[in-house]
Amino acid sequence: METALHFDALARFGHALSDPTRTRILLSLRNAPGYPSGLAEEIGVSRQILSNHLACLRGCGLVVAVPEGRRSRYELADARIARALEDLLGLVLAVDPACCADSDAQGCC
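In short, a report on the structure. (Residues numbered from 1 in each chain as written. Predicted model: local features only at pLDDT ≥ 70, side-chain atom pairs only at ≥ 80, totals over all residues. Heavy atoms only, no water.)

So, on to the overall build of the chain. Across its full length, the chain carries 5 helices and 2 strands. Secondary structure elements in the chain, listed N-terminal to C-terminal, are α-α-α-α-β-β-α. By the burial criterion, 27% of the 109 residues in the chain qualify as buried. Restricting the contact set of the chain to residue pairs at least 6 apart, pairs at least 24 apart contribute 48%. For the chain, the exposed surface amounts to about 7300 Å²; the carbon and sulfur share of it is 56%. (Helix = DSSP H or I, 4+ residues; strand = E, 2+ residues; numbered from the N terminus. Buried < 20%, exposed > 50% of the residue type's maximum accessible area, 1.4 Å probe, protein only. Contact = heavy atoms within 4.5 Å. Areas by Shrake-Rupley, 256 points an atom, 1.4 Å probe, with all protein chains shown as cover.)

What follows is the structure in structure tokens.
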């Protein structure tokens, strides 16, 4: 039986994936932990923008900051998140890999 907790948890995950920058952060962290400066460079955003998105992902419970001296390393909060992202990618690409290639497509994204 689904509860409000289930709905809220899935909504948080959906919110995290609803922004391309947050999605790129999650996909990067599924491969390996990262530091804000490296993630910002890899994704092509400023450190301030990256910081805002990391705060959102922390608030959703999807990433954690691991203190390392004066720096923090970011990683997925749970290894199952990486598997869930892999499963979602596989599902979406199997259904219609070109679905969102054309943002003007009717009934897509």
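Taken as a whole and judged by the stated rule, the model has 4 salt bridges. Residues Arg73 and Glu68 are paired through a salt bridge, measuring 2.2 Å at the closest nitrogen-oxygen approach. What makes Glu68 partly exposed here is its relative accessible area of 30%. A salt bridge links Glu75 to Arg73, with the shortest nitrogen-to-oxygen separation between them at 2.9 Å. (Salt bridge = Lys/Arg side-chain N within 4 Å of Asp/Glu carboxyl O.)

Turning next to helix α2 (residues 20-31). Its 12 residues place the ends of α2 17 Å apart at the C-alpha level, agreeing with the 16 Å of an ideal helix rising 1.5 Å per residue. Within the span of α2, buried status applies to Thr21, Arg22, Thr23, Ile25, Leu26, Ser28 and Leu29. Two or three places before Thr21, at the start of α2, stands the capping residue Asp19, its side-chain oxygen 2.8 Å from that residue's backbone nitrogen. (Expected span 1.5 Å × (residues − 1). Polar contact = N/O pair within 3.5 Å; in protein donor to acceptor, adjacent residues only side chain to side chain.)

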